[in-house]
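Observations on chain architecture
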2 protein chains.
Amino acid sequence: MASAVTPRNEDYSQWYLDIVKNANLAQNSAVRGCMIIKPYGYGIWERMQRQLDDMFKETGHQNAYFPIFIPKSFLSKEAAHVEGFAKECAVVTHYRLMNDPNGEGVIVDPSAKLEEELIVRPTSETIIWNTYRDWVTSYRDLPLLINQWANVVRWEMRTRLFLRTAEFLWQEGHTAHATEAEAQEETLKMQEVYATFAEEFMAMPVLRGVKTESERFAGAVNTYTIEALMQDGKALQAGTSHNLGQNFAKAFEVKFQDENNKEQYVWATSWGVSTRLIGGLIMTHSDDEGLVLPPKLAPIQVVIIPIPKPNEELDAKAHEIMAELKSRGIRVSYDNDKKKRPGFKFAENELKGIPVRLGLGKRDLANGTIEVARRDTKEKASQPLEGIVDHVASLLEEIQQNLFQTALDFREEHSHTVDTMEEFQAILDQDIPGFIYAHWDGTAETEQKIKELTKASIRCIPNDSVGEVGKCILTGGASERRVVFARAY
Amino acid sequence: MASAVTPRNEDYSQWYLDIVKNANLAQNSAVRGCMIIKPYGYGIWERMQRQLDDMFKETGHQNAYFPIFIPKSFLSKEAAHVEGFAKECAVVTHYRLMNDPNGEGVIVDPSAKLEEELIVRPTSETIIWNTYRDWVTSYRDLPLLINQWANVVRWEMRTRLFLRTAEFLWQEGHTAHATEAEAQEETLKMQEVYATFAEEFMAMPVLRGVKTESERFAGAVNTYTIEALMQDGKALQAGTSHNLGQNFAKAFEVKFQDENNKEQYVWATSWGVSTRLIGGLIMTHSDDEGLVLPPKLAPIQVVIIPIPKPNEELDAKAHEIMAELKSRGIRVSYDNDKKKRPGFKFAENELKGIPVRLGLGKRDLANGTIEVARRDTKEKASQPLEGIVDHVASLLEEIQQNLFQTALDFREEHSHTVDTMEEFQAILDQDIPGFIYAHWDGTAETEQKIKELTKASIRCIPNDSVGEVGKCILTGGASERRVVFARAY
C-alpha cells in the first residue's frame, strides 16, 4: 500500500513506527506491551535465528528447552538477580477459570490458587541453574554448552515495537565451566559471535566493550556488550554476554569434583540477543522511502517487475531469470499483479526494502537488456540480460558491503572525543549526537550524575580501549582510559 | 550410561519413562507438569520442526508470532472454546513482586494487580482471530495462511513426559478463507501433511480420520486426526486439523467483502502437532535395549567405534570415513573415549537409538573390512571398507523403510473387526488390544457408555471407511459404517 512514511528529520520516532507498520513487520496487540510479529517481520527473524543457530553450533553449543515458569522462590536465591527482575515480573497465581456465579463470562476460580506463585521467565538463569545441579557432578560433565530459543516476559511500562516489549523472542545461552578462565573465554567468544553476526549479516557495525558495574546484568560479575549507533545518534545495546562468576552456582549449590577430587563451585556464563535486533536493523539502514534490508537477511532479495504489466512473453522471461537466480540460492519473487502500475509496485517494494529490483519491459527484451535498481543507493542502470544472474549475485554482495561501510562511516562521523562537560553537552545538543569518548573517574556516583544531567549513559568501556591518562569530565578525578557515552534506546 | 531399562512386557509405563530418562531425552522440572527437554531430545524436535516447517512453506504458509497472553474476556467469546479450556488455564493476575515487609524473600505486590487477568495461551485461536479482524477486509486479503511455532500451557492434572505436559512446544496453523469449501480443503490438506510426515519421517503409520462430535476440538465444526498405534496396543492422537467453520469469525467479527461486494464471515481452520510426537516416536519403535530412531530424524545417524580403543591408525581411518559420510549429508560421530570399553559403548549407543554402528578394529583394517550393525534388527555383518559409504547410505534408507513396515505390520496384526460387545471386550482384555473396528449407533450417549464400560473411545471415523450396514455393538441401533475404537493415551 506504499503508505507515506514520516521523514526522519521530521520525527524519528514516528518514522520508525511508520516503517514497522507500513512494511508489515509488527503491530501492537490487545495485550499491553505484547507485539504481534507479522509474517514479513518474522521472516527476517527466521533468517537471523538460522544464522545465529549455525554459529552457536559451530562453537559447540546444543539447544535445549526449560520451563516458561519459575517458582517465585528460585528468583530470590540470587540477591542481585531478584533485585533486577522483581519489579517487572508477570505472576501466575491461579490455574483455573470458572463460570461467574453472579453473571456472564468466566472468572478466576479462587479455589485453584497455586501454593507457590510462578513467574513467567524474564530470563532463565534460576530455573536452569537449579537443573544444572543434577547435571553436573564431575569435571567430566563440564563444560555444559547450552542454548535455548524462547519467549520471555518483562513487564516494562514503556514499550516500543521490537525495541522494548513486554514479551519478546530471544535466545539465551547458559554455560557451565570448570574454571574461571574458561568461563571468561566463553563470555568473550560469544560477544565476538554476536559482533560478527551484527557486522557480517546485519551490516551493522558495533563497538565491543564491557559494561560498568551499574549497567551490569543482575547477577553478573561482568557484562560484555555490543553497542550500535542508530541514525538519530542514539546507541542501541544489541547483545550482551555475561560472565556470571560463581554467583548462580553458589545460589543453587552447583558443585563438581575436579581432577584432584576436590569439590568446587561451577563457573557460569549467559548471553542473549532478541527480536530487538530487528529494531536495530531498521534504524541502521532504512530511509524515508521505507525499509532497507541487507541482502543476507532479506526474506526476498530480488523482485522482478514486468513493465508496464505482465504478458506471456515477459512472464516466460521472468520465470527463466527466477529459475536461474533460485539455482544460485538467491531469493526472488515476481510481482505479476495485473491491477497495480509499475510505479506503485516500485514504491511498494522500496517500502519492503527488497535489495534489488529488476524492471523487465518489452523494449528491454528486444534490446536484450533489463533495468537493475539497487535499494541502497537508488541507482538504476540498464544491464545486458546475458550474464544478469552473475551481475545480480555480485551486486547483492556489493550492497551488503556498502550498507556496512555506510553505517560504519556514519558511526565514525558521529563519534567524538571530548575533554570537558561543555564539549560533552555541545555534542549532545547536536541533532545527531552519537558516541562520545570521554574520561570518567570510575565511580557509580559520577556515572549517575552525568546521566541525570545529560541523559547520556556509559555504553561501554571498549575492549580495545588504550590506556590514556586523563581527568573525569565531571569531577576532574583521575582516569586511565576513555569510556563511551551516548544517549541510548 | 547404559542404565538398565525395564522390559516392556514387565511394565510398559516404566519402560517408557526409563527410555526418556536413560536416553537423555527429557526430565521433569521443579515446576509441576513442566518438562525440561534435554539436548538429545531437543535435537529430535529440531529435526521434526525443520521438516514440518519446510512442508508448511511448500504448501504456502508463512510463520508469524502472536502474544503468549490472552485477555480472559477473549477466551469467553467462543462458547464451546472457553468451556473446553477454562479448567486448565494458567492465569496471570499480577505484574510485580516486592520485598516481603514481614520477613525474608519476595511476595506478590498486591498493588500490581492487572485490571483484566491474562491467560497463558492454551491455544491461540482467540488472540489470532481478534487480530485477523484488522487484517481481513476484502476477498483479496484471503486466504491467510499462517503458522506459529510456540509454547502453550494447559494445566493438566496428570502429566507424563512428552505425552501430556503442562507446558509443551508445538506449532499451530491458523488459516482464513473466503469459502467453506476452501477451508475444508485446507483442513484435509494439513491432515495429509501430518500423515505424510508421520509415515515418511517418523516411520509411524497413522489412520486418517475424523473425530466424533464429543472428541472434537473446542470450537471446531469438525476435527480431523491422525491416530497411531503404540506397542502396548493403545492409540495415540498424533496430530489434529480442525475445520472451524465461521465460529471464530462470528465470535470476533471477522468479515470480508466478497467479489460481489457482499459482506461475509470468514471461514477458518487450525491445526497442530506438538512435542507429544516424540512420545509417539519412542513408543512406535523402541525396544528393551533403548531408543530406536528412524534415520531421517536421528540427530546422529551413524556412530563409529574403534575396537578395542582409539589409536592413530584407527583415528585416521575413522576420520576418513566420517568425512565421506558427511559429504553425503550423513550425520556421523566418532566415539573415541579411551576410558570406555567397546561393549559399554555398544550398549550406550543402542540406548541412544543410533541407527547404524560401525565397529572399526585393527584386524578389520588389515582385511579391508568393517563391522556394520543395525539398531533396528540388531543384525551385524562384516562389510568391505571399499564402498562402505554407499552401503551405509542405502542401509539408512532400508532401516527407515523397515521401521515403517514393522510398525505397519504390528498395526495390522493388532487391528480387529468385531460385531458384539463380548468380542469387543475380549479384544480389550488381550495384552496388546489395538484398534477395534466396530459399528456404533452414532449417538454421543452410546459413545460415552462404551467408554465408561471399557475405557475405549472412538479414535476416529476413517477417511477411507466404506459404507457397511450394521448394528451398534452396544445398542443394536442402525450403523452405516464401522468406526475405530481403542484405549488411548
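Residues numbered from 1 in each chain as written. Chains lettered and ligands numbered in written order. Predicted model: local features only at pLDDT ≥ 70, side-chain atom pairs only at ≥ 80, totals over all residues. Heavy atoms only, no water.

1. Structural notes on the environment of Pro433 of chain A
Mapped onto the fold, Pro433 of chain A is located in the loop between α13 (421–428) and β23 (435–439). Discounting chain neighbours no more than four positions away, the residues touching Pro433 of chain A are Asp232, Gly233, His414, His416, Ile427 and Leu428 of chain A. (Helix = DSSP H or I, 4+ residues; strand = E, 2+ residues; numbered from the N terminus. Contact = heavy atoms within 4.5 Å.)

2. Topic: the relation of the copies chain B and chain A
Overlaying chain B on chain A yields an RMSD of 0.0 Å, the required transformation being a rotation through 180 degrees with an accompanying axial translation of 0.0 Å. Within this description, the copies of the chain are treated as partners about a two-fold rotation axis. Measuring from the rotation axis to each C-alpha of chain B, the shortest distance belongs to Val92 of chain B, at 2.1 Å. Taken as a fraction of all interface residues of chain B, those also at the interface in chain A reach 100%, which identifies the copy contact as same-surface. (Least-squares fit on C-alpha atoms with pLDDT ≥ 70 in both.)

3. Topic: the interface of chain B and chain A
Taken together, the contact between chain B and chain A spans 64 residues of the former and 64 residues of the latter. When chain B packs against chain A, the two sides together hide about 5,200 Å² of surface, and 66% of this comes from carbon and sulfur. Here Glu46 of chain B ties to Lys57 of chain A by a salt bridge, and the two come within 2.7 Å at their closest N and O atoms. Seen at the junction of chain B and chain A, the total is 28 residue pairs in polar contact (both at pLDDT 80 or more). Top element by residues in the side of chain B that touches chain A is helix α2 (residues 39–58) of chain B. It accounts for six residues. Sheet topology places strand β5 (residues 91–94) of chain A next to strand β5 (residues 91–94) of chain B; three bridges connect them, and they run antiparallel. Within the sheet, the bridge partner assigned to Val91 of chain A lies in β5 of chain B and is His94 of chain B. (Buried area = accessible area lost by both parts, 1.4 Å probe. Salt bridge = Lys/Arg side-chain N within 4 Å of Asp/Glu carboxyl O. Polar contact = N/O pair within 3.5 Å; in protein donor to acceptor, adjacent residues only side chain to side chain. Pairing = 2+ DSSP bridges.)

4. Description of helix α1 (residues 12–22) of chain A
All names here are of chain A. Of all the positions in α1, only Tyr12, Trp15, Tyr16, Asp18, Ile19, Val20 and Asn22 are classed as buried. For α1, the elements touching its buried residues are β1 (26–28), α8 (276–285) and α10 (342–351). Looking at where α1 begins, the residue whose side-chain oxygen comes 3.3 Å from the main-chain nitrogen of Ser13 is Asp11. Phi turns positive, to about 60 degrees, at Asn24, one or two residues after α1. (Buried < 20%, exposed > 50% of the residue type's maximum accessible area, 1.4 Å probe, protein only.)

5. Side note on helix α2 (residues 39–58) of chain A
All names here are of chain A. With 20 residues, α2 should cover 28 Å at 1.5 Å per step; its first-to-last C-alpha distance of 28 Å lies within 8% of that length. Across the 20 residues that make up α2, a large majority, 14, are buried. Of the residues trailing α2, Gly60 is marked for its positive phi of about 90 degrees. (Expected span 1.5 Å × (residues − 1).)

6. Quick notes on the packing of aromatic side chains
Residue and element names in this part refer to chain A. The final tally for this structure, using the stated rule, is 33 aromatic pairs over all chains. Each ring, one from Trp45 and one from Trp149, has its centre 6.0 Å from the other, and the planes form 75 degrees; the classification is edge-to-face. Residue Trp45 is found in helix α2, and its partner Trp149 is found in strand β9 (residues 144–153); the two are separated by 104 residues along the sequence. A single burial state applies to Trp45 and to Trp149, both of which are buried. (Phe/Tyr/Trp six-rings, centres within 6.5 Å; stacked < 30°, edge-to-face > 60°.)

7. Focus: the sheet that holds strand β19 (residues 356–361) of chain B
Residue and element names in this part refer to chain B. Pairing is mixed across the open sheet formed by five strands, whose spatial order is β18-β17-β19-β20-β21. Whereas interior strands pair on both sides, the edge strands pair on one side only; in this sheet they are β18 (332–334) and β21 (380–384). Direction aside, neighbouring strands of the sheet carry axes that sit 25 degrees apart on average. With four bridges connecting them, β19 and strand β20 (residues 369–374) associate as antiparallel partners. Each residue of the ladder has a partner; that of Leu358, found in β20, is Val372. Sitting on the sheet, helix α9 (residues 312–327) is in contact with β17 (302–307), β18, β19 and β20, with an inclination near 170 degrees to β18. The sheet contacts of helix α10 (residues 342–351) involve β17 and β19, and relative to β17 the element is tilted by about 170 degrees. (Axes fitted to C-alpha atoms, helices over the stretch in contact; angles between N-to-C directions.)

8. Remarks on the domain arrangement of chain A
All names here are of chain A. For chain A, the assigned domains read domain 1 (24–71 + 122–285), domain 2 (302–395) and domain 3 (415–486). Averaged C-alpha coordinates put domain 1 and domain 3 at centres separated by 27 Å. Tallying the contact residues gives 20 residues for domain 1 and 18 residues for domain 3. Here domain 1 and domain 3 share an interface that buries about 1,400 Å² over both sides, 57% of which is from carbon and sulfur atoms. (Domains from an automatic or database assignment.)

9. Some words on the pattern of salt bridges
Residues and elements named next belong to chain B. Throughout the structure, instances matching the rule amount to 55 salt bridges over all chains. Glu156 is paired through a salt bridge with Arg164; the nearest N and O atoms lie 3.7 Å apart. For Glu156, a relative accessible area of 17% gives the class buried. By relative accessible area, which is 32% here, Arg164 ends up partly exposed.

10. Some remarks on the pairing of strand β11 (residues 207–210) of chain A
All names here are of chain A. Pairing between β11 and strand β12 (residues 222–229): four bridges, direction antiparallel. Pairing of Arg208 across the sheet is with Ile226, part of β12. The pairing of β11 with strand β24 (residues 457–462) spans two bridges and is antiparallel. Bridge assignment links Val210 to a residue of β24, and that residue is Ile461.

11. Topic: unusual backbone geometry
Residues and elements named next belong to chain A. Cis geometry is adopted by the peptide bond preceding Pro143, which originates at Leu142 and carries an omega value of -5 degrees. Residue position: Pro143 is located in the loop between α5 (125–135) and β9. Phi is positive for Asn24, close to 60 degrees, though the residue is something other than glycine. Within the fold, Asn24 resides in the loop between α1 and β1. Phi is positive for Asn261, which is not a glycine, with a value near 65 degrees. On the basis of relative accessibility, which here comes to 63%, the residue Asn261 falls in the exposed class.

12. Brief notes about the nonpolar core
Residues Phe69 and Trp129 of chain A together with Phe69 and Trp129 of chain B are the most contacted members of the largest nonpolar core, which totals 219 residues. Excluding anything up to four places from it in sequence, Trp129 of chain B contacts Thr175, Ala176, Phe248, Ala249, Phe252, Val254, Val266, Trp267 and Ala268 of chain B. (Core = buried A, V, L, I, M, F, W, Y, C linked by side-chain atoms within 4.5 Å.)

13. Some details on the UniProt feature "domain: Aminoacyl-transfer RNA synthetases class-II family profile" (unreviewed entry) in chain A
Per the UniProt record, "domain: Aminoacyl-transfer RNA synthetases class-II family profile" (unreviewed entry) is found at residues 27–294 of chain A. Helix makes up 29% of residues 27–294 of chain A and strand 32%, with an end-to-end C-alpha separation of 22 Å. (UniProt positions renumbered as here; feature names shortened; annotations may be inferred.)

14. Describing a positive patch on the surface
A contiguous patch of positive charge on the surface is contributed by Arg47 and Arg50 of chain A together with Arg47 and Arg50 of chain B. For the positive patch, the elements supplying multiple residues, two or more each, are α2 of chain A together with α2 of chain B. Here Arg50 of chain B is to be found in helix α2. (Patch = residues over 30% accessible without salt bridge, like charges linked within 9 Å, V, L, I, M, F, W, Y side chains within 5 Å. Areas by Shrake-Rupley, 256 points an atom, 1.4 Å probe, with all protein chains shown as cover. Lys, Arg positive; Asp, Glu negative; His and termini not counted. Charge placed at Lys NZ, Arg CZ, Asp CG, Glu CD.)

15. What to know about the sheet that holds strand β8 (residues 113–120) of chain A
Overall, antiparallel pairing links the six strands, which are arranged β4(A)-β8(A)-β5(A)-β5(B)-β8(B)-β4(B) in an open sheet. At either margin of the open sheet sits one strand with a lone partner, and together these are β4 (69–71) of chain A together with β4 (69–71) of chain B. Within the sheet, the average angular offset between the axes of one strand and its neighbour, ignoring direction, is 45 degrees. Sheet analysis places β5 of chain A next to β8 of chain A, joined by three bridges and oriented antiparallel. Counted as the bridge partner of His94 of chain A is Lys113 of chain A from β8 of chain A.

16. Observations regarding the state of the cysteines
All names here are of chain B. In total, this model carries zero disulfides over all chains according to the counting rule given. Note on Cys460: no disulfide assigned, nearest cysteine sulfur contributed by Cys472 at a separation of 17 Å. Residue classification places Cys460 among the buried positions, given a relative accessible area of 0%. (Disulfide = S-S within 2.5 Å.)

17. Here's the deal with the pairing of strand β16 (residues 267–274) of chain B
All names here are of chain B. The element β16 is extensively covered by neighbouring structure, given that eight of its eight residues are classed as buried. By the alternation rule, side chains of β16 split into Trp267, Thr269, Trp271 and Val273 and Ala268, Ser270, Gly272 and Ser274, which are all buried. As paired elements, strand β10 (residues 167–177) and β16 share eight bridges and run antiparallel to each other. Pairing of His174 across the sheet is with Ser270, part of β16. Relative to β16, strand β13 (residues 235–245) runs antiparallel, the two being bridged by five bridges. Note on β16: the bridge partner recorded for Ser241 is Trp271.

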